Amino acid sequence: MKHLSFLLFSVLFIGLAPRAEAQMPDTTGIYGERKDSLEAAVFVSRQAGNYLSKGKEIRTEVISAAGLCKMACCSLAESFENSASVTVGYADAVTGARQIRLLGQNGIYTQMLDENRPVMRGLSAPFGLNYVPGQWLESIQIAKGMTSVINGVESMTGQINMEHRKPTDEKPLYIQASAMADTKCDLNVISSLQLDDMQKWSTVILAHVDGNFKPMDGNGDGFMDDPRQLQFNFANRWLYFNPGGIQVRFGVRAISDSRLGGQMETFGEDRWKADILNRNLNGYVKVGLPLNEDGSKSFAVVADYTYQNMESSYSFARRSYDAGQNTAFANILYQDNSNEAHHFTAGISNTFDFYKETVLGKQASARLNDLGAFGEYTFHSGDVFSMIAGLRGDWYNLGGFRFSPRLTLKYSPDESIVLRANGGRGIRYSVPLVDNFGVLSSAKTITGDYISHPLEESWTFGGNATWYMPFDKSGKTWLSVDYFGSIFTNQVFIEYTDTEIQFSEMKDRPGSYSRTHNFQVDFSTEPFRGFTVTLTGRYTDARQSLACQSDDVKPMTSRYKGVLNLQYATRLNKWIFDFTASVNGPCRVWDFMKGYEGGYSPVFPLLYAQVTRRFKGWDIYFGGENLTNYRQPNPIIGYDAPFGPDFDASCVWGPVSGIKIYAGFRFTLWK
Amino acid sequence: MKKTFAILAAAILSAALLTSGKPVDKRQVTFVTSIECKKCVEKVRENMSFEKGVEDLEVTLDDQTVKITYNTAKTDTTKLGAAIRKLGYTAKVVKDTPTPASKRP
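Residue indices follow the written sequence of each chain, beginning from 1 at its first position. Here every chain gets a letter starting at A, and every ligand a number starting at 1, in the order they are written. A pLDDT threshold of at least 70 governs which residues receive local features in this predicted model, and a stricter bar of 80 or more applies before side-chain atom pairs are shown or counted, although totals over entire chains, interfaces and linings include all residues. Processing note: side-chain calculations cover all non-hydrogen atoms of the structure and skip hydrogens and water entirely.

A. Just the overall build of chain A, in detail. Segments assigned H or I by DSSP are reported as helices when at least four residues long, segments assigned E as strands when at least two residues long, and all are numbered from the N terminus. For chain A, the count of helices and strands is four helices and 35 strands. By its C-alpha atoms, chain A is 70 × 60 × 55 Å across when sized along the principal axes. Buried positions account for 61% of the 671 residues belonging to chain A. Any two residues whose heavy atoms approach within 4.5 Å at even a single point are treated as in contact. Of the contacts made within chain A by residues no fewer than 6 positions apart, 65% connect residues no fewer than 24 positions apart. Think of it in three bands: residues with accessible area under 20% of the maximum for their type are buried, residues over 50% are exposed, and the middle band is partly exposed, with areas taken using a 1.4 Å probe on protein chains only.

Printed below as a string of structure tokens:
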């Protein structure tokens, strides 16, 4: 019933939105054209899957539409399996919440953007990756290090921008459906419609349903590998484009997701359960107004509102977390690109979050505001050198004033070499319990201050060198090396002891530190037409001073990851074969976790394979995930006594589910 | 052992017979079109790849060309041009030559 009323409200809201917004004036290509999103398609007979953007000032890995079709990619989380930069894992072993890590830090320090609007913040973060269907996306850009100050400074390790399918796509109907052997199914229906011959008005409707109907217990611990789950997800995006001037984009989105994890249903009604209901509603408008004839000077306004509600109870509400979050974001900016060498952007933005939480029986509410002014200067000396210098001043109502400088340099002495360096400061409000959502599925006593919202602050520096090998004129053979390091000046620490999970703030612990060093090497080549080889290796050294551990190696952070991706496509892409193998390095486990040799998890491999057969308008695919059937042994500590004090499902470092075979199809109707 | 050799020999002979048939007559045609965006490139690529007789395809936005290698027994430039026009773009043949492979004796 909750699902029904929520969706009814959403449909009404969506139905009204176009009429209300039709009266709005219009704008430009807000924040400029994102040339990279389809860079690989300019000259093609086939499209690269993952590639490093050559033109971007910041080291940016692009997962293209072709890359998003390499795997089942039911959700955004699975889209990163080909990437060594991003490590994907589970927040815990019962709820199915996915989390990423970039530069050895939790995904909360990576700013998520939906076409340059900040998304997946606060309450939306723990399940956010599950709520972006991979098939809705056109491309993903992963930028490492310090990015632009235009969207705030919450990007502390990097930024991930998602480009959705566009209203201007000449695809009135796209349908994708897939089913996994474990009864997990998903269905996407997308329709892009141009409403007039001049293409002034266009819209895209995106609908998604997925569910897991018959939970499995592959490792025999009595707990479901993935929760029983049902998600409805609907979005409608509009574009008004006046060739002579104004451009307006606006849209709405509604999500409802219920999931029930825990012990298998055969344990009866008194079993251990994790029951979670998430609802999300979002509306946004982006207006771009050119101020001169060629559009080189422009004014843009972005406004966004999100309501997120989460109701969760673990094991008959012995532990529960219910919360609502209202977020309003506005950004007003002026851009001047009239001089080829010197570009300027300046503006102000405000982000307001209102949280109302019932945490473990305690009521709490918080109003978090961040009002900021920013300026960014970009200098280009042809294609050889560019520099972006950004400065932002933010007033945080719970933290005072902060300056955040950021600098990016790119030097390309010739066609084959690109050198990049960047650095700067990142700041965000913490939401301690939500940022560490997995702790709710532990029986340990949660102590310390997990209610307040201190500012977390860090400095990140790094660089990248990419060499496009001259013997391959197509530019498809390249080697990239990069290093990024981050140092936190304040962070919320979380520590596991035998009986407690303690929250504390770094600044209250004199002498404490948190830092990471990350090295990565990427190599890609096409030895013969249609066959692509990509090899990536990442090494992370993450340190954190924790009293509960016998050393300072940051727990639950994998030391290294290696990924090999092979793709072969026959001429005209009628058959496509994909194979991905990864080696996942050990991670330091918490000292309380017994049975680990030397305190580290074992190294484990993961294999993925997929075969796609393409016809006119149709793709049929068949594949498998985790083909080595590797599972973390006993991901749930104390599974045999779920109501006992030792129960803990929050310490996950490896796959919870075993091998998964899937099949699906994609249908495209072209205009 | 003799049986294995016999099967192997038969397989090689069959493969040789199959591949020694009359060589396919292929030509390469270049159309100048009205494609002007990356989306158009995708649309042409995704549709023309599956036209009957198309053996290879290259779509270039810079000079707005669509280069198609085709099997003359299955299609011709008129049909290919019509297929591009059906997608909403103009298509004019600027070059139509035998492919290097089909020139060989």
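Right, picking up where we left off after that structure.
B. Representation of the overall build of chain B. Scanning chain B for helices and strands turns up four helices and four strands. Within chain B, residue pairs in contact and separated by at least 24 positions form 65% of the contacts whose partners lie at least 6 positions apart. Computed with the Shrake-Rupley method and a 1.4 Å probe, the accessible areas treat only the protein chains shown as cover for residues. Carbon and sulfur atoms make up 59% of the accessible area of chain B, which totals about 6,500 Å².

C. Spatial organisation of the interface of chain A and chain B. The partner chain B presents 21 residues to the 22 residues of chain A that form the contact. Reported buried area values correspond to the accessible surface (1.4 Å probe) lost by two parts on association, with both partners' losses combined. Where chain A abuts chain B, roughly 2,100 Å² becomes buried across the two surfaces, and 52% of that area is made up of carbon and sulfur atoms. Salt bridges are identified by distance alone: a Lys or Arg side-chain nitrogen within 4 Å of an Asp or Glu carboxyl oxygen. Viewed at the interface, chain B and chain A are joined by eight salt bridges. One salt bridge in this structure joins Glu-46 of chain B and Arg-614 of chain A, with 2.3 Å as the shortest N-O distance. By the criterion applied in these results, polar contacts are pairs of N or O atoms within 3.5 Å in which, for protein atoms, one can donate a hydrogen and the other can accept it, and in which residues neighboring in sequence qualify only through two side-chain atoms. Counting across the interface, chain A meets chain B through nine residue pairs in polar contact (both at pLDDT 80 or more).

D. Representation of the packing of aromatic side chains within the structure. All names here are of chain A. Two rings from Phe, Tyr or Trp (for Trp, the six-membered ring) form a pair when their centres sit within 6.5 Å of each other. Planes less than 30 degrees apart are called stacked, planes more than 60 degrees apart edge-to-face, and all others tilted. Under the definition given, this model contains 29 aromatic pairs over all chains. Centroid distance Trp-201 to Tyr-240: 4.9 Å. Interplanar angle 55°. Geometry classified as tilted. With Trp-201 in strand β13 (residues 201–212) and Tyr-240 in strand β14 (residues 228–241), this residue pair connects regions lying 39 residues apart in the sequence. Centroid distance Trp-575 to Phe-577: 6.0 Å. Interplanar angle 5°. Geometry classified as stacked. What makes Trp-575 partly exposed here is its relative accessible area of 37%. Taken together, the aromatic side chains of Phe-528, Phe-531, Tyr-568, Trp-575 and Phe-577 make up a single cluster linked through ring pairs. Any Lys NZ or Arg CZ found within 6 Å of a ring centre and within 35 degrees of that ring's normal is scored as a charge over the ring. Cation over ring: Arg-515 sits above Tyr-513, and NZ or CZ is 4.5 Å from the ring centre.

E. A look at the sheet that holds strand β4 (residues 86–90) of chain A. Residue and element names in this part refer to chain A. One open sheet accounts for three strands, arranged β4-β5-β6; its pairing is antiparallel. What marks the edges here is a single partner per strand, and that holds for β4 and β6 (105–106). Between any two strands, at least two bridges found by DSSP are needed for them to pair. Judged from the two bridges that link them, strand β5 (residues 98–102) and β6 form a sheet pairing that is antiparallel. Paired with Leu-102 across the two strands is Gln-105, which belongs to β6.

F. Summary view of a nonpolar patch on the surface. Residues and elements named next belong to chain A. Candidate patch residues must exceed 30% relative accessible area and have no salt bridge, after which like charges are joined if within 9 Å and Val, Leu, Ile, Met, Phe, Trp or Tyr side chains if within 5 Å. There is a patch of nonpolar side chains on the surface, built from Leu-289, Leu-291, Phe-299, Ile-332, Tyr-334 and Ile-348 and spanning about 490 Å² of accessible area. With respect to the element layout, Leu-289 can be found in strand β16 (residues 273–290). Classification of Leu-289 by relative accessible area gives partly exposed; the value is 35%.

G. Molecular detail of the confidence of the model for chain A. Residues and elements named next belong to chain A. Within a predicted model, pLDDT stands for the predictor's per-residue confidence, ranging from 0 to 100. For chain A, per-residue confidence averages 89 on the pLDDT scale, and residues scoring 70 or more make up 92% of the total. Ranking the helices and strands of chain A by mean pLDDT puts strand β21 (residues 385–396) first, with 97, and strand β1 (residues 43–44) last, with 34. Here residues 6–29 is modelled with pLDDT under 50, and outside its nearest four sequence neighbours on either side it reaches 52 contacts, counting other chains as well. Every residue in residues 32–46 scores below 50 in pLDDT, and together they form 53 contacts with partners more than four places removed in sequence or on other chains.

H. How the structure looks around unusual backbone geometry. For Met-556 of chain A, which is not a glycine, the phi torsion comes out positive at approximately 60°. With respect to the helices and strands, Met-556 of chain A occurs in the loop between β30 (531–544) and β31 (560–569). For Met-556 of chain A, a relative accessible area of 13% puts it in the buried group. Here the phi dihedral of Gln-64 of chain B falls at roughly 55°; this positive angle occurs in a residue that is not glycine. Tracing the chain through its elements places Gln-64 of chain B in the loop between β2 (54–60) and β3 (65–71).

I. Molecular detail of the sheet that holds strand β28 (residues 500–505) of chain A. Residues and elements named next belong to chain A. Reading across the sheet, the three strands line up as β24-β28-β27 and stay open at both edges, with mixed pairing between neighbours. In the strand order of this sheet, the two ends are held by β24 (445–448) and β27 (492–496), each with one partner. Strand after strand, the sheet turns through a mean of 20° between neighbouring axes, direction not considered. Inspection of the sheet shows β24 paired to β28 by four bridges, in the parallel sense. Across the sheet, the residue bridging to Gly-448 is Phe-503, located in β28. Inter-axis angles, ranging from 0 to 180 degrees, are taken between N-to-C directions of lines fitted to C-alpha atoms, where helices are fitted over the stretch in contact.

J. Main features of the state of the cysteines. All names here are of chain B. The term disulfide is used for any two cysteine sulfur atoms that are within 2.5 Å. Applying the stated rule across the entire model yields one disulfide over all chains. At a sulfur-sulfur separation of 2.5 Å, the disulfide partner of Cys-37 is Cys-40. On the sign convention where negative is left-handed, the bridge of Cys-37 and Cys-40, at about 90° about the S-S bond, is right-handed. Accessibility expressed as a relative area gives 7% for Cys-40, which makes it buried.

K. How the structure looks around the nonpolar core. Residues and elements named next belong to chain A. With 76 residues, the main nonpolar core has Tyr-321, Leu-433, Phe-503, Trp-590, Met-593 and Trp-653 as its most contacted residues. With four residues, the single largest contributor to this core is β27. Excluding its chain neighbours within four sequence positions, the residues that come into contact with Tyr-321 are Leu-123, Met-310, Glu-311, Ser-312, Glu-357, Thr-358, Val-359, Leu-433, Val-434 and Leu-440. Take the buried Ala, Val, Leu, Ile, Met, Phe, Trp, Tyr and Cys residues and link them wherever side-chain atoms come within 4.5 Å; each set so joined is a nonpolar core.

L. Structural context of the pattern of salt bridges. Applying the stated rule across the entire model yields 46 salt bridges over all chains. A salt bridge links Asp-114 of chain A to Arg-117 of chain A, with the shortest nitrogen-to-oxygen separation between them at 3.1 Å. Judged by its relative accessible area of 5%, Asp-114 of chain A is buried. Between Lys-26 of chain B and Glu-55 of chain B there is a salt bridge, with its nearest N and O atoms 3.2 Å apart. Pair noted here: Lys-26 of chain B is in strand β1 (residues 26–33) and Glu-55 of chain B is in strand β2, with a separation of 29 residues, a long-range link.

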